[in-house]
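Listed here are the chains, written in short residue letters.
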Amino acid sequence: MRKVKVGIVGCGNISGIYFENLTGTFVNTEVYACADLDPERAAQAAEKYGVPHVWTTEELLASEEIEIVVNLTTPNFHFDVCKQALLAGKHVYVEKPLSLTLENGTELVKLAKEKNLFVGCAPDTFLGGGLQTCAKLIADGYIGEPVAATAFMLCHGHESWHPDPEFYYQAGGGPMFDMGPYYLTALVSLLGPAKTVCGITKTSFATRTITSEKKFGKVVDVEVPTHVAGTIEFASGAVATMITSFDVWHSTLPRIEIYGSLGTLIVPDPNTFGGPVLLRPAHSTEFQEIPLIYNYAGNSRGIGVADMARCIGTGDTPRANGELANHVLEIMHAFHTSSDTKRYAELATRCEQPKLLPLGLVKGYLE
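Rules used throughout
Residues numbered from 1 in each chain as written. Predicted model: local features only at pLDDT ≥ 70, side-chain atom pairs only at ≥ 80, totals over all residues. Heavy atoms only, no water. 1 Å grid on protein atoms, 1.4 Å probe; cavity = no way out; pocket = protein on both sides within 12 Å on 5 of 7 lines; lining within 4 Å. Points joined across faces, edges and corners; volume = space filled by probe spheres on them. Helix = DSSP H or I, 4+ residues; strand = E, 2+ residues; numbered from the N terminus. Nonpolar A, V, L, I, M, F, W, Y, C, P; charged D, E, K, R; others polar. Contact = heavy atoms within 4.5 Å. Phe/Tyr/Trp six-rings, centres within 6.5 Å; stacked < 30°, edge-to-face > 60°. Polar contact = N/O pair within 3.5 Å; in protein donor to acceptor, adjacent residues only side chain to side chain. Pairing = 2+ DSSP bridges.

Draft legend 1. Inspection of the layout of surface pockets at higher detail. Computed from the structure, the second largest pocket encloses a volume of approximately 370 Å³. In this structure, the second largest pocket is lined by 19 residues; those nearest its centre are Thr317, Pro318, Asn321, Gly322 and Glu323. When contributions to the lining of the second largest pocket are tallied by element, the ones reaching two or more residues are helix H5 (102-114) and helix H9 (322-341). By residue class, the composition of the lining of the second largest pocket is 9 nonpolar, 5 polar and 5 charged.

Here it is in structure tokens:
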């Protein structure tokens, strides 16, 4: 199997697991170079993970060796770096969200098609053993026809642990744009594309005080809604209730549940790749844990990149593709638009429901 050379732009908090998996876990990728606004940080990453080249972003984009650019910059740089990569003739895979605006996300999808390149986007957690097992159970009819779902992500923000949490409270941040991609991508992968959104948003606290060590005591102005609630109507007819919040100290609400005509499925945390997966058929007296029937139950971030590398050779469409990410981006904006206008938001984008990974897949390989 040919190794596709990858260049990583952005060597911050999330990059470590990408370096680890793209240099070791997946057999069809090789991290050839990395770049960061802080050259020392890029150099440290290169030394730790055995990356042969530390370049500027411009040098990385100009390299004829690199086929995929992995964009791990902060959200405000996602569009610019992705567009530069596509214009340089590179496939690109970006951390979520695809862009800050739907217009920019749509432009990236269009540009990639025009140049016959792939654009892909995190999260790829839906390709993990947990969510793939759930998708297989639904596809095989274990809960009958899906009729409804719930999705809840409630916490009190990230300023207690993240070293640089300011961007979570700026444009492109907030609970929906930070954590919504995990939940919405999971829902779309399980239920198919959405059609209509109704949302209400609020900002409960005007400021946040950082308590993580690096910037302890710094006060941050909150510029975005921090509690987002609403409903989603899917093209299939299923209806989901969703809440994402940075305003809740404690909660016992589940992550995701799917309700079907023949039973209920409890889905694992969509920010993870594993289980547990719990199934309760209609006339059963209790939930039963279903063994995972797919691999990649550990932290497999980068599996979307490996799938893209596979598709470069086969011509298939990557599962974590731009159309899926742009559809999720529109859903996130639709919650806010619906709240601002006091109207239902009808979605303009569509995507294909991602194909399941094949059963019996050997770890390290994708088909």
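Draft legend 2. Local environment of the environment of Ala148. Here Ala148 shows up in strand E7 (residues 146-154). Sequence-wise, Ala148 and Thr264 are 116 residues apart; in three dimensions their C-alpha atoms are separated by 9.8 Å. Aside from chain neighbours lying at most four places away, what touches Ala148 is Ala238, Val239, Glu257, Ile258 and Tyr259.

Draft legend 3. Geometry of the packing of aromatic side chains. The final tally for this structure, using the stated rule, is 6 aromatic pairs. Taking 5.2 Å as the distance between ring centres and 10 degrees as the angle between the ring planes, the aromatic pair formed by Phe19 and Tyr49 counts as stacked. Of this pair, Phe19 sits in helix H1 (residues 15-25) while Tyr49 sits in helix H2 (residues 39-49), placing them 30 residues apart in sequence. Members of the aromatic cluster, joined through ring pairs, are Phe167, Tyr168, Tyr169 and Phe246.

Draft legend 4. Looking closely at the side chain of Ser15. Structurally, Ser15 can be placed in helix H1. Within polar-contact distance, the side chain of Ser15 engages the backbone oxygen of Gly12 at 2.8 Å.

Draft legend 5. Up close: the sheet that holds strand E4 (residues 68-71). Pairing in this open sheet of 6 strands is parallel, and the strands run E3-E2-E1-E4-E5-E6 from one edge to the other. Across the chains shown, the open sheet's two edge strands, defined by having one partner strand only, are strand E3 (53-54) and strand E6 (119-121). Pairing between strand E1 (residues 4-9) and strand E2 (residues 29-35): 6 bridges, direction parallel. Residue pairing across strands places Val4 opposite Thr29, the latter belonging to E2.

Draft legend 6. Here's a closer look at empty space enclosed by the protein. Within this structure, the stated rule accounts for 1 cavity of 30 Å³ or more. Taken together, 13 residues line the largest cavity, and the ones lying closest to its centre are Cys121, Ala122, Pro123, Thr185 and Ala325. Elements represented by at least two residues in the lining of the largest cavity include exactly helix H7 (174-191) and H9. When its residues are assigned to classes, the lining of the largest cavity shows 10 nonpolar, 2 polar and 1 charged.

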